[in-house]
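Architecture and fold: a report
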Amino acid sequence: MVPGADGRTYVNLGARIDATLEPGGSAYPAPGQLLVHELVHAWQVAHARSAASYLGDAMAVQVRGELGEDVYRLRETGDAHHPWADLDMERQATIVDRWFGGQYSPAGLPCDPDSPYAALTAQVRAGGTADAGGSG
């Protein structure tokens, strides 16, 4: 995901570009889940303080990943109790895609209103919060 100088947001789905509504492998087993994850990044770009702040946060998260941190890992439902802005951009996107896919649903249901992450995803769906890009 890259904010362009032309004001557009560019999404790179790589080899999945022709299969965005299909399951995306073991990390994204629900149809469309990878697309939802990437669309959260587009939402983050739209709600970031600036393109530079988004890119800075993105680079910081990627460096942490390169140094061995699993930046996509959720702390079970512990992340559900943190304010949205305190979660880095990959955890934000992972929370929304897991909610969409039903991975943290008590009943295994996609988009479950009883998911521990339902309240956080509702913030995104309602238009967002301050400092949407997360803290790196």
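So, a few notes on the structure that sits alongside this text. (Residues numbered from 1 in each chain as written. Predicted model: local features only at pLDDT ≥ 70, side-chain atom pairs only at ≥ 80, totals over all residues. Heavy atoms only, no water.)

1. Let's talk about the environment of Ala46
Structurally, Ala46 is set in helix α1 (residues 33-47). Separated by 35 residues in the primary sequence, Ala46 and Val11 have C-alpha atoms spaced 13 Å apart. (Helix = DSSP H or I, 4+ residues; strand = E, 2+ residues; numbered from the N terminus.)

2. With respect to the packing of aromatic side chains
A full pass over the atoms with the stated rule returns two aromatic pairs. Summarising the aromatic geometry, the rings of Trp43 and Trp84 are spaced 6.1 Å apart at their centres and angled 80° between planes, so their arrangement reads as edge-to-face. Residue Trp43 is found in helix α1, and its partner Trp84 is found in the loop between α2 (51-66) and α3 (89-101); the two are separated by 41 residues along the sequence. Accessibility expressed as a relative area gives 2% for Trp84, which makes it buried. A centroid spacing of 5.3 Å and a plane angle of 75° characterise the contact between Tyr104 and Tyr117, whose relative ring orientation is edge-to-face. Within this pair, whereas Tyr104 is found in the loop between α3 and α4 (118-125), its partner Tyr117 is found in the loop between α3 and α4, the two being separated by 13 residues in sequence. On the basis of relative accessible area, Tyr117 is assigned to the buried category, the value being 0%. (Phe/Tyr/Trp six-rings, centres within 6.5 Å; stacked < 30°, edge-to-face > 60°. Buried < 20%, exposed > 50% of the residue type's maximum accessible area, 1.4 Å probe, protein only.)

3. So, α3
An ideal rise of 1.5 Å per residue puts 18 Å on 13 residues; α3 measures up with 18 Å between its terminal C-alpha atoms. With 12 of 13 residues buried, α3 is to be regarded as a mostly interior element. Looking at the buried side of α3, the elements it contacts are α1, α2 and α4. Put simply, Asp88 is the residue that caps the front of α3, since its side-chain oxygen is 3.0 Å from the backbone nitrogen of Glu90. (Expected span 1.5 Å × (residues − 1). Contact = heavy atoms within 4.5 Å. Polar contact = N/O pair within 3.5 Å; in protein donor to acceptor, adjacent residues only side chain to side chain.)

4. Notes on the packing of α2 against α3
Look at α2 against α3: their axes get within 9 Å of each other, and the N-to-C directions meet at 85°. By the angle between their directions, the pair α2 and α3 is classed as roughly perpendicular. Of α3, the residues touching α2 (which contributes Tyr54, Asp57, Ala58, Val61, Gln62 and Arg64) are Met89, Glu90 and Arg91. Among the residues making up the contact of α2 with α3, the classes are represented as four nonpolar, one polar and four charged. (Axes fitted to C-alpha atoms, helices over the stretch in contact; angles between N-to-C directions. Parallel < 35°, antiparallel > 145°, perpendicular 65-115°, else oblique. Nonpolar A, V, L, I, M, F, W, Y, C, P; charged D, E, K, R; others polar.)

5. Quick word on the nonpolar core
Trp84, Ile95, Val96, Tyr117, Leu120 and Val124 are the most contacted members of the largest nonpolar core, which has 13 residues in total. Elements supplying a minimum of two residues to this core: α1, α3 and α4. By size, the runner-up hydrophobic cluster in this structure holds nine residues, among which are Met1, Ala42, Tyr54 and Val61. (Core = buried A, V, L, I, M, F, W, Y, C linked by side-chain atoms within 4.5 Å.)

6. Regarding the pattern of salt bridges
Following the criterion strictly, the structure yields five salt bridges and no others. Notably, a salt bridge pairs Arg64 with Glu69, separated by 2.8 Å at the nearest N-O pair. Among the residues examined, Glu69 registers a relative accessible area of 33% and is labelled partly exposed. Residues Arg91 and Glu69 are paired through a salt bridge, measuring 3.5 Å at the closest nitrogen-oxygen approach. Of the two residues, Arg91 sits in helix α3 while Glu69 sits in the loop between α2 and α3, which places them 22 residues apart along the sequence. (Salt bridge = Lys/Arg side-chain N within 4 Å of Asp/Glu carboxyl O.)

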